[in-house]
Each structure stands twice: as structure tokens, then as C-alpha cells.
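Residue-level structure breakdown
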Amino acid sequence: MNHFLDIHKTPKPDLRHIVDHARAMKQARDGQPKGTPDADQPLADRMVALIFEKPSTRTRVSFDLGVRQMGGQTMVLSGTDMQLGHGETIADTARVMSRYVDLIMIRTFEEATLLEMAEHADVPVINGLTNRSHPCQIMADVMTFEEHRGPIQGAKVVWSGDGNNTFASFAHAAQQFDFDLTFTGPEPLDPEPALDGLYRTVRDPAEAVQGADLVVTDTWVSMHDPVSARERRHNQLRGYQVNAELMAQAKDDALFMHCLPAHRDEEATSEVMDGPHSVVFDEAENRLHAQKAIMRWSLGT
Ligand code: CP
Ligand code: NVA
């Protein structure tokens, strides 16, 4: 069963195929209106459930659009409206959903929920973000880097900020796509120990970004973080803001990425977000193309 649960759990050649396939599919429909169906309709007759236990703009819209372009149909479901949010087990939900749909995408809190869903589902399950990882995002980010700069292999990528779920998928990708990853952030917000060995740490952000091909950041307070931690996190992370001064330490042609939603002038200034290094909206668009390729890989279509 081709579940897409995490980048380090997906074979390297399959990851390469997904990125290359996504780029080819994007090119094939270049310039067409968003609602134009793909010529080959690879998801014809397929029903896809999109389950959200957290808010989403990009993941929700890009998966829904992607399925429609490929000729499939979607059900967008909120966890709180399902019995899943009212005591039905994840295993039973997985078994039931498998009788109705051909593919499940879930955005949830605990990774255990995703893994249990995958274990008990008879159809492929895709990780649309958990507290621990965000693999679909980083597949789009790898695609975006390569569109602009060619192969990501050997590139220097620097993450400035919180060692969070999105960082974790970058760390998995560094291993699988063979690029160099540096983390710069405050020690209390270091990435989880399971990621040790996949990146190096440089505490001083200006030193960390020297020679970077890509500088990345993300929100300082993720959806699973308690609101009460906001002020402390802001104080810890203020020195890791990506601003023009920091970008000036990277390579002249360095790219800037942020998975969005951004909190402008917190983790990144508007000057950088809207500046010449930024490819944040290409990243957002490429969620669509990357996930279409992931769904085709999962379904073997
Ligand atoms: N980047 C991302 O996953 O965005 P959404 O939370 O809007 O889906
Ligand atoms: N780290 C962020 C990513 C949002 C797409 C979060 O989990 O809230």
C-alpha cells in the first residue's frame, strides 16, 4: 500500500519520480484555466476524502483542486463534524472510510492518529500535516527549488526559527534528496532528537546563512502550540527573523521560502516576503502539482 506518511518513509527513487512527475504535469497544463481537466484524467471514478482536524487554506484548496483536475471527486470533512471527534476510534473510522473512498488525506494533531489511520485503512493515506511533520509541503519546496535553481542535491539550505514539524520534513528531505541542512534557532526550540544527524546547528543566524542557496522559515507559533506560549516564543525567536540584513549574508541569488501562512514582520519581514529572493507563492502553487503527483503515486494511476 503506497501510503505517503513521511519523506523518510518513502523510497528515494519514488520521491524523485514524484518531483519530476509533478513538474511534467505542471508544464503539460501551463496557461490553462485552473478548472480545465487534465487530458488523461488519471483519477477518473476515484473518490478522495480530505479530513481536517486543524485549519487549512493551501492544503484544503490544492488537494481539492488537484483531484478535480485529474477527474476525481472529493469529500472535504472536518474532524469535529465526524464521529472521529466524538469518541469513535481511529481504526473504525479508517475501516468505514475505506468502504466509501479510494484515498484518504488527513491533517491532524498527533502522529499516532495518522499512523493508526494508515494501519487500519484498506486505501492509501496521505499525511496533510501532523504535529511532527509536513511532507507534502517539502515535496513542493524541493520542486520549487529545482524549478528555480536546478538539482537540490548538494545545495546549502538554512532554516532559521522554530525546530518544528515543517523543519522535520526538511530534515527528512535533506537525507533523501542529499542536500546540506543547517538549523539556526534558540536551544529550547531545537528540533526533536529523532532528527539528530540529519542537520547541523549554528546558533548565530548571520553565521548560519553564509553561503546559503536557500533560507527558510515558518511561523513562530504552530497550530499545535499552546497560545500561552506565544510571548515566550516571540522573545526566544526575535533574533532569528529573516530580514534583508540576514538575507544579505546568504548567496546573492539565494532563494527565500516560507510554507505560509506567514505572520508578516514576525518570522520574516514583508521586505523579504515580497522581495527578489522570495518564491513563497511558487511554493504555494506547487503544493497543487506536487500533491497531484503524490496522489497518482499512492493510487498507481
Ligand atoms: N502551508 C500549508 O500547509 O498551508 P495551510 O495550513 O493553509 O494548508
Ligand atoms: N508549522 C506550522 C505549519 C503550518 C502550515 C503549523 O503546524 O502550524
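Note: the structure precedes this text.
Let me begin by describing the structure that accompanies this report. (Residues numbered from 1 in each chain as written. Chains lettered and ligands numbered in written order. Predicted model: local features only at pLDDT ≥ 70, side-chain atom pairs only at ≥ 80, totals over all residues. Heavy atoms only, no water.)

1. What about the sheet that holds strand E1 (residues 47-52)?
As summarised here, the arrangement of the four strands in space is E2-E1-E3-E4, forming an open sheet in which the pairing is parallel. Among the strands making up the open sheet, the edge pair consists of strand E2 (73-78) and strand E4 (125-127). Averaged over all pairs of adjacent strands, the angle between their axes in this sheet comes to 20°, without regard to strand direction. The pairing of E1 with E2 spans six bridges and is parallel. Bridging across to E2, Val48 finds its partner in Thr74. (Pairing = 2+ DSSP bridges. Helix = DSSP H or I, 4+ residues; strand = E, 2+ residues; numbered from the N terminus. Axes fitted to C-alpha atoms, helices over the stretch in contact; angles between N-to-C directions.)

2. Comments concerning the nonpolar core
Phe4, Ile126, Met139, Phe170, Phe177, Phe179 and Leu181 are the most contacted members of the largest nonpolar core, which has 52 residues in total. Setting aside chain neighbours within four positions, we find Ile126 in contact with Phe4, Phe63, Leu103, Ile104, Met105, Ile106, Leu114, Cys136, Ile294, Met295 and Ser298. Formed by 18 residues, the second largest nonpolar core is a distinct cluster that contains Ile51, Ile106, Met117 and Val125. (Core = buried A, V, L, I, M, F, W, Y, C linked by side-chain atoms within 4.5 Å. Buried < 20%, exposed > 50% of the residue type's maximum accessible area, 1.4 Å probe, protein only. Contact = heavy atoms within 4.5 Å.)

3. Digging into the pattern of salt bridges
Tallied over the full model, the rule gives 17 salt bridges. Here Arg149 and Asp253 are joined by a salt bridge, their closest N and O atoms 3.7 Å apart. Taken together, the residues span a long stretch of sequence, with Arg149 in helix H5 (residues 135-149) and Asp253 in the loop between helix H9 (244-247) and strand E9 (255-258) at a distance of 104 residues. On the basis of relative accessible area, Arg149 is assigned to the partly exposed category, the value being 36%. Residue Asp253 is classed as partly exposed on the basis of its relative accessible area of 39%. Overlapping salt bridges, with partners in common, bring together Arg16, Asp20 and Glu146 in one network. (Salt bridge = Lys/Arg side-chain N within 4 Å of Asp/Glu carboxyl O.)

4. Here we look at the site of ligand 1
In the region of ligand 1, the neighbouring residues are Ser56, Thr57, Arg58, Thr59, Arg107, His134, Gln137, Cys259, Leu260 and Arg287. Here an oxygen atom of ligand 1 sits 2.6 Å away from a polar atom, N or O, in the main chain of Thr57. A distance of 2.7 Å separates an oxygen atom of ligand 1 from a polar side-chain atom of Thr59. Calculation on ligand 1 without its partners gives an accessible area of 250 Å², and the protein chains cover 96% of this total. Its residues assigned to classes, the shell around ligand 1 comprises two nonpolar, five polar and three charged. (Near = heavy atom within 4 Å. Polar contact = N/O pair within 3.5 Å; in protein donor to acceptor, adjacent residues only side chain to side chain. Areas by Shrake-Rupley, 256 points an atom, 1.4 Å probe, with all protein chains shown as cover. Nonpolar A, V, L, I, M, F, W, Y, C, P; charged D, E, K, R; others polar.)

5. Overview of the sheet that holds strand E7 (residues 200-201)
Strand order in the open sheet formed by five strands is E7-E6-E5-E8-E9, with parallel pairing between adjacent strands. In the strand order of this sheet, the two ends are held by E7 and E9, each with one partner. Alignment of strand E5 (residues 156-160) against strand E6 (residues 180-184), held across five bridges, turns out to be parallel. By the bridge assignment, Val158 is partnered in E6 with Thr182. On the sheet, helix H6 (residues 165-177) packs against E5, E6 and strand E8 (214-217) and is oriented at approximately 155° with respect to E6.

6. Section: the packing of aromatic side chains
A complete count under the given rule lists seven aromatic pairs for this structure. Relative to Phe183, the ring of Phe167 has its centre 5.4 Å away and its plane inclined at 70°; by these criteria the two rings are edge-to-face. In this pair, Phe167 is assigned in helix H6 and Phe183 in strand E6, connecting sequence segments 16 residues apart. What links up through ring pairs into an aromatic cluster is the set Trp159, Phe167, Phe170, Phe179, Phe183 and Tyr199. Between the NZ or CZ atom of Lys54 and the centre of the ring of Phe109, over which it lies, the distance is 4.8 Å. Residue placement shows Arg60 over the ring face of Phe52; its charged tip is 4.6 Å from the ring centre. (Phe/Tyr/Trp six-rings, centres within 6.5 Å; stacked < 30°, edge-to-face > 60°. Lys NZ or Arg CZ within 6 Å of the ring centre and 35° of its normal.)

7. Section: the pairing of E6
In terms of burial, E6 is largely enclosed, as four of its five residues are buried. What joins E5 to E6 is H6, and the crossover it makes is right-handed. Judged from the two bridges that link them, E6 and E7 form a sheet pairing that is parallel. In the sheet register, Thr182 faces E7, and the bridge partner there is Arg200. (Right-handed = clockwise from strand over helix to strand, strands pointing away.)

8. What about the side chain of Ser133?
Mapping Ser133 onto the fold places it in the loop between E4 and H5. Judged by relative accessible area, which is 1%, Ser133 ranks as buried. Here the side chain of Ser133 touches Asn127 through a polar contact of 3.0 Å, side chain to side chain. Once residues lying within four places of it in the same chain are set aside, the contact partners of Ser133 are Leu5, Asp6, Asn127, Asn165 and Ser169.

9. Describing helix H2 (residues 58-69)
In a regular helix each residue adds 1.5 Å, so twelve residues correspond to 16 Å; H2 covers 16 Å between its end C-alpha atoms and thus fits that length. Along H2, the residues that are buried comprise Thr59, Ser62, Phe63, Asp64, Gly66, Val67 and Gln69. At its buried positions, H2 is contacted by E1, E2, strand E3 (103-107), E4, H5 and helix H11 (280-299). Immediately downstream of H2, the backbone of Gly71 shows phi near 90°, a positive value. (Expected span 1.5 Å × (residues − 1).)

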